[in-house]
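Residue-level structural notes
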Amino acid sequence: MKIQERTGAGAGRAAVPAQAPVGDRLPTPPRERKPALAALAVLLILLGALGATTLVLRAGNRIEVVKVTQPIQVGQSVNSSNSTSVMVAADSSIDYVRWDQLGALKDYKARTTIYPGTVVVGQMFTKGDVLPAGKAVVGVSLKDGQYPADIQAGDTVAVYNVDSGGSGSGKTGTGAGTGSSSSGSASSGEPIATAKVGYKKDGGDATISSGNLSLTLIVDRADAAAVTRAASNGAVAVVHVSDSSSGSGN
């Protein structure tokens with residue numbers, strides 16, 4: 001009886017599965033080394049560092065130079081009223097005019113027209129005569145109504161004699177005419193000269209002209225006498241004309 005009870009008790013127990021032996025794992029394959037990729041990464045790092053260094057050096061090597069803010073006509077000079085300073089990267093191959101040289105630049109004249117926004121260089125100026133051959137410079141003082149409100153330096157204009165008495169209205173090739181019916185005189189309604197505005201004293205941009213205005217006109221030498229006579233009588237008026245119809249006065 002005792003033997004049977006032990007056997008019956010053991011038969012009701014669940015069988016415990018045998019555990020697999022620990023430590024029997026497959027070997028891990030060695031990692032593949034890529035020396036070319038590592039070299040490329042190092043090269044990129046060096047290039048980035050070099051570029052950053054170059055930018056820092058260029059940012060620190062900047063100079064203050066002259067930039068014009070208004071049109072500079074042939075024969076005019078740059079001064080503090082028509083220019084400003086700007087920082088640029090230093091370049092020994094470019095003859096920049098430094099801002100601290102502005103005082104000396106006032107003694108030089110522009111060889112050609114210099115437009116606003118231009119950073120000037122030394123080759124743009126000279127101390128010599130820059131007036132084109134066969135041209136003359138005439139100064140006129142205009143009253144309200146004798147000039148367009150938006151007239152600016154560099155504009156091409158037709159010059160009229162508005163003297164109602166007719167004195168000094170002649171235009172001759174030698175400048176000796178007095179308004180007679182000589183072959184060189186200008187008939188009524190025709191300009192006595194076509195000119196280029198070289199300088200405008202009043203720099204305003206008003207839409208309606210008001211007050212007196214002083215202009216410097218570049219005219220043909222043959223027309224200078226007629227324009228001067230009309231200007232001395234306060235009888236000069238100017239109007240805009242297109243460059244294509246400006247004739248030889250440009």
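The structure displayed is predicted, hence computed values, not measured ones.

So, on to the pairing of strand β6 (residues 156–161). The buried fraction of β6 amounts to five of the six residues, a majority that puts the element mostly inside the structure. Pairing geometry for β6 and strand β9 (residues 236–240), over five bridges, is antiparallel. Residue Ala-158 lies in a different strand from β9, and its bridge partner there is Val-239.

A word on the nonpolar core. Counting residues in hydrophobic clusters, the biggest one holds 21 residues, and the most contacted among them are Val-140, Ile-151, Val-159, Leu-215, Leu-217 and Val-238. Every element with two or more residues in this core is listed here: β5 (135–142), β6, β7 (193–200), β8 (213–220), α4 (224–232) and β9. Sequence-distant contacts of Ile-151, that is, excluding residues within four places in its chain, are made with Val-157, Val-197, Lys-200, Leu-213, Leu-215, Val-238 and His-240. Val-68, Val-78, Leu-102 and Val-120 belong to the second largest nonpolar core, which has 11 residues in total.

Here we take up the layout of surface pockets. Each pocket or cavity is described by its volume, and for the second largest pocket that value is around 190 Å³. Lining the second largest pocket are 10 residues; nearest its centre among them are Gln-73, Val-74, Thr-113, Lys-196 and Ile-218. Of the residues that constitute the lining of the second largest pocket, the class distribution is four nonpolar, four polar and two charged.

So, about α4. Every buried residue of α4 is listed here: Ala-224, Ala-226, Val-227 and Ala-230. Looking straight down α4, one finds that the buried residues subtend no more than 165° of arc, so they occupy a single side.

This part is about the confidence of the model for the protein. In the predicted model, the protein carries a mean pLDDT of 75, and 66% of its residues have values of at least 70. When pLDDT is averaged over each element of the protein, strand β1 (residues 62–68) comes out on top at 92 and helix α1 (residues 2–11) at the bottom at 54. Contacts of residues 172–185 to residues separated by more than four positions or lying in other chains number 17 contacts, the stretch itself having pLDDT below 50.

As a further point, take the pattern of salt bridges. For the structure shown, the criterion picks out one salt bridge. A salt bridge links Lys-135 to Asp-220; the shortest N-O distance between them is 2.6 Å. With a gap of 85 residues between them, Lys-135 in strand β5 and Asp-220 in strand β8 connect regions that are remote in the sequence. Take Lys-135 and Asp-220: they sit in the same class, and that class is buried.

Conventions and cut-offs
Residues numbered from 1 in each chain as written. Predicted model: local features only at pLDDT ≥ 70, side-chain atom pairs only at ≥ 80, totals over all residues. Heavy atoms only, no water. Buried < 20%, exposed > 50% of the residue type's maximum accessible area, 1.4 Å probe, protein only. Helix = DSSP H or I, 4+ residues; strand = E, 2+ residues; numbered from the N terminus. Pairing = 2+ DSSP bridges. Core = buried A, V, L, I, M, F, W, Y, C linked by side-chain atoms within 4.5 Å. Contact = heavy atoms within 4.5 Å. 1 Å grid on protein atoms, 1.4 Å probe; cavity = no way out; pocket = protein on both sides within 12 Å on 5 of 7 lines; lining within 4 Å. Points joined across faces, edges and corners; volume = space filled by probe spheres on them. Nonpolar A, V, L, I, M, F, W, Y, C, P; charged D, E, K, R; others polar. Arc of directions from axis to C-beta. pLDDT = per-residue confidence, 0-100. Salt bridge = Lys/Arg side-chain N within 4 Å of Asp/Glu carboxyl O.

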